[in-house]
Amino acid sequence: MCVLFFLISSTDPIMAVIVHSLNIYTCFFFVVSAELMLTSTSLIYEDMVKLSRDKRAYETHRSRDNVVKSSSISSSGRGSVFATANSTSVAAQIGGTAKLPCIVRKFNNGVVSWIRKDITPPTILTIGLGTHIADDRFMVEHARHLQNWDLVIKHVRPSDAGLYECQVSTHPATSIFIELRVTEASAEIIGAPDLHVRAGSSLRLVCTILHSTEPPVYVFWYHDQKMINHDSGVSVTIDRTTSVLQLRDADTTHSGNYTCDPANAIPAYINVHVLNATEEENPAAMLHASSSGVSTALFMTIILIVAINITLSLDS
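Residues numbered from 1 in each chain as written. Predicted model: local features only at pLDDT ≥ 70, side-chain atom pairs only at ≥ 80, totals over all residues. Heavy atoms only, no water.

(A) Looking closely at unusual backbone geometry. Geometrically, the link from H171 to P172 is a cis peptide bond, its omega value of 0 degrees lying close to zero. One can find P172 in the loop between strand 8 (162-168) and strand 9 (174-183). Residue P193 is reached from A192 by a cis peptide bond, and omega for that bond is 15 degrees. Along the chain, the position of P193 falls in the loop between strand 10 (186-189) and strand 11 (194-198). One non-glycine residue with positive phi stands out, namely H211, at about 60 degrees. (Helix = DSSP H or I, 4+ residues; strand = E, 2+ residues; numbered from the N terminus.)

Put into structure tokens, the structure is as follows:
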């Protein structure tokens, strides 16, 4: 304002008289007041910024505390309801039977349900002991004294692989999740694809079942197109992952294709060749052939040495 009065007075003689009549302290008062207002405004702004920053920090810290507390409550609540660990993984082979565990500790009036979670929309499979979907491959296996509520899936398909939820209708509802992995079992015969045996010797074929999750219900052996498990002279033994076929006194009629065909597994094949004891296969004949081979090699070596010597003599 003092500057404005000064500018006006410099151009108007009348105003110059008025300005000079004003007390010099009035101008000083306006300047000091303006500085005080600016300083106060700056301090108020800084206080507001600090207050906003502290509020955001407090809300963030509180939110994190709530997440941790919520997680702790959820985990402890789940542990108090279920004896089965969360995120358990179960494997089952195609065509076999899968059993998804869910052991529930004692509870009052809750109902146990199984839900398929990784499909849209999630599908309720069972409620209590009843199957909720129109697929009789699914059922609940329950033993009251053990408090298990296992989900059983028969004739497992590749599409059954995924995430399942075992839920208890407490308040609030509590769940655990079980993953089902589906494998494909296959057979393998040691010595395949071809096996040679002498006539009169014993034929022994070992079939190993790979990637199986349960013992095979059966293992059928075929010679060409005929099942031979119960043929005379044939012995078949089976354990969890292996089947052994033994045949005494093999002859040329036992040559051919053999198949190991376990339940719920890809079969395996081997070609068996039963050889008669011919003269060329006798030890004496083999020794004669070996001696002839050595003699021939020795003769060729001598010829080569003689030729080298002749060449050196001509050069000299």
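That shown, we press on.
(B) Just the pairing of strand 7 (residues 148-153), in detail. Among the 6 residues of strand 7, 6 are classified as buried, and the element is accordingly described as predominantly covered. Judged by which residues are buried, strand 7 turns out to be covered on both faces: N148, D150 and V152 on one side and W149, L151 and I153 on the other are all buried. The pairing of strand 6 (residues 138-143) with strand 7 spans 6 bridges and is antiparallel. Paired with A143 across the bridge in strand 7 is N148. (Buried < 20%, exposed > 50% of the residue type's maximum accessible area, 1.4 Å probe, protein only. Pairing = 2+ DSSP bridges.)

(C) Examining the pattern of salt bridges more closely. Summed over all chains, the structure comprises 6 salt bridges. Between K117 and E165 there is a salt bridge, with the nearest N and O atoms lying 3.4 Å from each other. Of the two residues, K117 sits in the loop between strand 3 (112-116) and strand 4 (123-127) while E165 sits in strand 8, which places them 48 residues apart along the sequence. Classification of E165 by relative accessible area gives buried; the value is 5%. With a closest N to O distance of 2.8 Å, R137 and D160 form a salt bridge. Taken together, the residues R137 in the loop between strand 5 (130-131) and strand 6 and D160 in the loop between strand 7 and strand 8 connect sequence positions 23 residues apart. There is no split in this pair, since R137 and D160 are both buried. (Salt bridge = Lys/Arg side-chain N within 4 Å of Asp/Glu carboxyl O.)

(D) Representation of the sheet that holds strand 4 within the structure. The 6 strands lie next to each other as 1-9-8-3-4-5, forming an open sheet whose pairing is mixed. Each end of this open sheet is capped by a strand with a single partner; those strands are strand 1 (88-93) and strand 5. Bridge analysis of strand 1 against strand 9 gives 6 bridges, and the strand direction is parallel. Counterpart to A92 in the pairing with strand 9 is V182.

(E) Representation of the nonpolar core within the structure. Judged by nonpolar contacts, the single largest core of 23 residues is most densely connected at L100, W114, I153 and Y164. Elements that contribute at least two residues to this core include exactly strand 1, strand 2 (98-100), strand 3, strand 6, strand 7, strand 8 and strand 9. (Core = buried A, V, L, I, M, F, W, Y, C linked by side-chain atoms within 4.5 Å.)

Any link to function would need more than the numbers given here.
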